[in-house]
Amino acid sequence: MDRWFFRRLVDRVVRAACLVATLVALVPLFSVLGFIAVRGIGGISLDFFRELPRPVGEPGGGMAHAVWGSLEIVGMACLFAVPAGVLAGVHLAEFSDTRFVRAVRFAADVMAGVPSIVVGLFVYAVVVVPSGGFSALAGSLALALLMLPTIARSTEELVRLVPESLREAALGLGVPKWRATLHVVLRTALPGVVTGIMLAVARAMGETAPLLFTAFNNRDWSEGLREPTASLPVNIYTYAVSPYPEWHEQAWAAALVLVTLVLCLSIGARLLAGGSARAR
Amino acid sequence: MSDRASAPRLRVATPRDDSRTPARSQPSEEVPAKVRTKALRAFYGKTEVLHGIDLAILAREVTAVIGPSGCGKSTFVRSLNRMHEVVPGARVSGTVLLDDEDIYAVGVDPVAVRRRVGMVFQKPNPFPTLSIRDNVLAGLLLNGVARNDADGLVEQALRKAALWDEVKDRLSNAGTSLSGGQQQRLCIARALALEPEVLLMDEPCSALDPIATARVEELIHELRQTYAIVIVTHNMQQAARVANRTAFFYMGELVECDRTEVVFTRPKERRTEDYITGRFG
């Protein structure tokens with residue numbers, strides 16, 4: 001066989017294999033999204049975002065408290081985890097080879113692998129029990145612990161990708177190291193850092209197990225950060241395991257809202273961070 | 001490109017035709033030096049890469065530093081603005097006098113030294129997140145300094161770097177949208193905007209094509225009137241074209257330093273002659 005022909009044949013075959021593999025990977029993604037959309041869209045109405053759940057048997061009602069509860073818990077978790085995670089990541093990248101840094105990096109990797117329910121139990125033991133009850137704050141803390149290693153490690157990787165020449169350019173201009181690190185290195189890595197944060201947020205948004213032990217749930221609006229608070233994933237769980245068909249529909253609707261929320265947050269954050277960095 | 005490039009290797013086009021004036025072979029102690037190094041040694045960890053350099057850099061002159069790869073040229077210029085110590089494990093001993101002040105004395109802030117001694121690097125490195133204008137102002141912006149006359153300063157620096165006409169209509173574009181040669185001149189403008197007294201250039205043309213190189217060299221001719229310039233180069237023709245004085249480094253030692261035309265036509269040391277005639281390096 002002619003070599004030229006053979007090479008083209010191999011090229012075609014490999015291309016086709018890549019295409020098939022891509023489609024196989026996309027099928028579950030789109031079937032999940034499609035399935036949730038189809039099953040959930042029926043339960044979505046303005047009331048879903050405005051009203052509280054009604055008692056069983058009574059039609060209508062919504063999950064406004066869970067939507068806001070989720071945003072509140074995850075938002076507060078970000079307040080803890082983002083600054084700590086990003087700065088820790090910068091430290092890991094900039095002072096990369098001390099024994100301390102290697103220990104922290106190892107600890108972060110181990111922490112990233114800890115099952116989320118274990119983190120929930122831990123917060124239950126050290127926060128919920130001593131403070132006397134479930135609270136949004138405890139839920140945020142549990143989620144923050146889950147987000148922290150992801151954010152720190154992804155920030156580290158991205159800060160490392162910033163070329164040494166930019167650091168030197170800034171230092172050579174008489175810029176102190178801390179300013180060079182924040183305004184040049186971190187700024188240049190920002191779009192990637194934000195993507196890392198969003199991955200952590202998306203994961204935290206969907207976590208159910210740790211919230212069962214910490215924020216628990218609430219049939220009503222939460223009265224404060226120190227009170228049990230409803231969240232979308234816990235509500236999905238509660239409604240989905242219930243025996244009532246109308247609750248099942250609500251659970252599907254909540255799933256759709258949760259997915260859409262994560263998607264919007266990701267896209268929004270990407271746009272914000274990428275806005276001035278598209279120059280690259 | 002120009003007839004200079006095709007000239008025979010040893011034909012020297014000196015920037016100033018004063019070869020008949022008595023050559024100041026080694027600047028004696030009386031010659032006022034902008035920068036003077038005394039027994040300058042530099043280390044990476046335990047490896048000593050500069051073995052005691054005594055060299056004077058005069059104001060309003062271009063000093064070229066030549067020598068084979070790994071001879072310590074870059075390390076030398078990087079110790080003149082305390083950039084050497086940025087590398088983990090790197091340190092310096094000896095004295096570097098900037099206007100008779102030791103920049104390595106206890107209590108001297110390296111950040112302050114770097115504002116007086118500007119640096120242009122081998123590869124153009126504009127900040128990708130900043131516009132052309134903000135790249136020029138980077139030294140001020142990154143230090144949180146606001147200037148009322150920022151626009152004037154930008155224009156002035158870009159004019160000095162011979163870039164103004166090419167970029168004046170797109171100052172808000174990203175610095176990285178420029179070509180390689182323009183980026184390098186942008187980096188020069190960025191250094192000039194801080195109004196340094198000395199300009200260090202570490203192989204500023206090695207990533208540029210011949211046309212961009214010629215522009216940067218013209219620029220060095222202009223800048224010589226104001227600044228003390230040290231340029232590291234692998235290209236001996238370039239040293240011959242732009243430098244008043246040339247210092248030849250070999251294996252971490254300063255072999256000789258003299259007026260460029262002397263180094264290229266009547267070197268005192270055999271090693272210098274071997275290098276510039278291409279016998280090694």
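This text follows the structure it describes.
These numbers come from a predicted model, not from an experiment.

Bringing the overall build of chain A into the picture now. Along the backbone of chain A there are eleven helices and zero strands. Its C-alpha atoms put chain A at 65 × 60 × 35 Å along the principal axes. By residue count, 40% of the 280 residues in chain A fall in the buried class. For chain A, the share of sequence-separated contacts (at least 6 apart) that also reach a separation of at least 24 residues comes to 73%.

The subject of this paragraph is the sheet that holds strand β10 (residues 253-259) of chain B. Residue and element names in this part refer to chain B. Overall, mixed pairing links the six strands, which are arranged β6-β7-β8-β3-β9-β10 in an open sheet. In this open sheet, the two strands that pair with only one neighbour each are β6 (117-120) and β10. Taken over all neighbouring pairs, the strand axes of this sheet differ in orientation by 15° on average, direction set aside. One ladder, built from four bridges, connects β6 with strand β7 (residues 198-202); its direction is parallel. Looking across to β7, one finds that V117 is bridged to V198. Here helix α8 (residues 180-192) sits on the sheet in contact with β6 and β7, set at roughly 170° to β6.

Residues and elements named next belong to chain B. Pairing geometry for strand β1 (residues 35-44) and strand β2 (residues 47-57), over eight bridges, is antiparallel. Opposite L40, over in β2, you have I53 as the bridge partner. Linking β1 back to β2 in an antiparallel pair, the connection comprises two residues, with G45 at a positive phi of about 60°. Both β1 and strand β4 (residues 90-98) contribute to a ladder of eight bridges, which runs antiparallel. Following the sheet pairing, T37 is matched in β4 by V96.

Taken residue by residue, the interface counts 22 residues in chain B and 20 residues in chain A. If you list the elements that add at least two residues to the side of chain B that touches chain A, you get α3 (110-116) and α5 (138-141) of chain B. In terms of residue count, α3 of chain B provides more of the side of chain B that touches chain A than any other element does, four residues in total. Here the residues of the side of chain B that touches chain A sort into twelve nonpolar, six polar and four charged.

Residue and element names in this part refer to chain A. Remark: helix α6 (residues 136-161) packs on helix α8 (residues 177-206), axes separated minimally by 8 Å, with the N-to-C direction vectors making an angle of 150°. Classified by the angle between their axes, α6 and α8 sit roughly antiparallel to one another. In this structure, α6 meets α8 at a crossing whose hand is right-handed. Note on element contacts: α8 touches α6 through V185, L186, A189, G192, V193, G196, I197, L199, A200, R203 and A204, opposite L143, L146, M147, T150, I151, S154, T155, L158, V159 and L161. The residue makeup of the contact of α6 with α8, split by class, is 15 nonpolar, five polar and one charged.

So, about α6 of chain A. Residues and elements named next belong to chain A. If you check α6, its first and last C-alpha atoms are 37 Å apart, about what 26 residues at 1.5 Å a residue would give, namely 38 Å. By the largest-angle criterion, M147 marks the main kink of α6, which is about 30°, and a proline, P149, follows within four residues. Most of α6 is tucked away, with 23 of its 26 residues classed as buried.

Rules behind the numbers
Within each chain, residue numbers correspond to sequence positions counted from 1 in written order. As a convention, the first chain written is A and the first ligand written is 1, with the rest following in written order. Only residues with pLDDT of 70 or above have their local features reported here, since the model is predicted, and side-chain atom pairs are shown and tallied only from 80 upward, although totals for entire chains, interfaces and linings are computed over all residues. Secondary structure elements follow DSSP: runs of H or I of four or more residues count as helices, runs of E of two or more count as strands, with numbering from the N terminus. A residue is called partly exposed when the number of other C-beta atoms within 10 Å of its own lies between 12 and 20, exposed at 12 or fewer, and buried at 20 or more, with C-beta atoms placed from the backbone. By definition, residues are in contact whenever their C-beta atoms, placed on the basis of the backbone, come within 7 Å of each other. Between any two strands, pairing holds if DSSP finds at least two bridges. Axis lines are fitted to C-alpha atoms, over the contacting stretch for helices. Their N-to-C directions set the angle, which ranges from 0 to 180 degrees. Three classes are used: nonpolar for Ala, Val, Leu, Ile, Met, Phe, Trp, Tyr, Cys and Pro, charged for Asp, Glu, Lys and Arg, and polar for all others, with Gly counted as polar. Should an angle lie under 35 degrees it is considered roughly parallel, over 145 roughly antiparallel, and from 65 to 115 roughly perpendicular; all remaining angles are considered oblique. By convention the crossing between two helices is left-handed if the near helix lies anticlockwise of the far one by an angle smaller than a right angle, and right-handed if it lies clockwise. The span you would expect from a helix comes to 1.5 Å times its residue count less one. Axes are fitted to the seven residues ending at a residue and to the seven starting at it; the angle between these axes is taken as the bend at that residue.

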